[in-house]
Amino acid sequence: MNEAQGSLRLKRLFLNKPMYYLDKYIGNYLDGYAPGNLFLRGEGIQTYTIWTRGKLYIVEALFLLIGIGGLLKSKDTQLSLILLSLLAMSGLPGMIGGPPYATRNFFMSIPLAIIVGCGIVAFVSPRRFRFIFISILICMYAYSISHFLFDYFNRYAYARAEVWVESMKDVTRSINSFLSENPNRSVVVAQTSLGDMLQ
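What comes next concerns the included structure. The structure displayed is predicted, hence computed values, not measured ones.

## Focus: the side chain of S80
Mapped onto the elements of the fold, S80 is located in helix 5 (residues 77-89). Overall, the relative accessible area of 6% leaves S80 in the buried class. Excluding its chain neighbours within four sequence positions, the residues that come into contact with S80 are L71 and S74.

The structure is reproduced here in structure tokens:
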């Protein structure tokens, strides 16, 4: 309260624990649906994500928008309401648990996949250009999947090796090599954490 100007009543109205938690919960909820989280970077803990990827491929942004638009225009309002409600409710675990995280927002995967699928069906449904649209779709997904595999096997393994405590593994390999060559010697490791030793 000392960091704000104004009367004490206004400070108590706007700077209190319920408002702090409400702001935090709303921020966590909206972060789960943020385009950066969905398409670009995923979660912050790099052991669970490649970091250059979100939950969906970037090309699926178009299909997500087409799918949501199709659901809003759909004559089957009950199905649309169920899917959009599932999508809205799937952010609740992330809202309560904290910032976007793979397991907190796992339930988001199901409605997102269905809505993207609806967008793909709507994208390829015009009969006149169906072959062209399907060809474009195959090319976009082939590029996206191959780009993901390239990032996973050729960039992530080297750029993010330390996330998996690669330096500690190197030390362990060196110690094992030393002990196999010198069986009567011992090695003492000091100032390390239990997590380092478990790796």
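## With respect to helix 4 (residues 60-73)
Under the 1.5 Å per step criterion, the end-to-end length of helix 4 is 20 Å for 14 residues, consistent within 8% with the ideal 20 Å. Residues E60, F63, L64, G67 and L71 constitute the buried set of helix 4. Relative to the axis of helix 4, the buried residues are bounded by an arc of 105 degrees and lie together on one face. In helix 4, those exposed residues whose orientation departs by more than 90 degrees from the buried face are L65, L72 and K73.

## Things to note about a nonpolar patch on the surface
On the surface, L10, L13, F14 and L15 cluster together to form a nonpolar patch covering roughly 400 Å² of accessible area. Mapped onto the elements, L15 comes out in the loop between helix 1 (8-14) and helix 2 (17-32). Here L15 falls in the partly exposed class, since its relative accessible area comes to 40%.

## Observations concerning the environment of L71
Mapping L71 onto the fold places it in helix 4. Taking relative accessible area as the criterion, L71 reaches 7% and is therefore assigned buried. Linking L71 and L81, residues ten residues apart in sequence, is a C-alpha distance of 8.2 Å.

What counts, and where the lines are drawn
The numbers attached to residues start from 1 for each chain and follow its sequence in the written order. Owing to the predicted nature of the model, reporting of local features is limited to residues with pLDDT of at least 70; listing and counting of side-chain atom pairs is limited to 80 or more, with chain, interface and lining totals taken over all residues. For side-chain calculations, the full set of non-hydrogen atoms in the structure is used, while hydrogens and water are omitted. In DSSP terms, a helix is any run of H or I states spanning at least four residues, a strand is any run of E spanning at least two, and both are numbered starting from the N terminus. Residue burial is assigned from relative accessible area. The probe radius is 1.4 Å, only protein chains are included, and a residue is buried under 20% of its type maximum, exposed over 50%, and partly exposed in between. Any two residues whose heavy atoms approach within 4.5 Å at even a single point are treated as in contact. The span one expects for a helix is its residue count, reduced by one, times 1.5 Å. Relevant arc is that of directions from the helix axis to the C-beta atoms, nothing else. For patch detection, residues must exceed 30% relative accessible area and be free of salt bridges, and they are connected within 9 Å for like charges or within 5 Å for nonpolar side chains (Val, Leu, Ile, Met, Phe, Trp, Tyr). Working definition of accessibility: Shrake-Rupley area with a 1.4 Å probe, residue cover restricted to the visible protein chains. By definition here, a salt bridge exists when the distance from a side-chain nitrogen of Lys or Arg to a carboxyl oxygen of Asp or Glu is within 4 Å.

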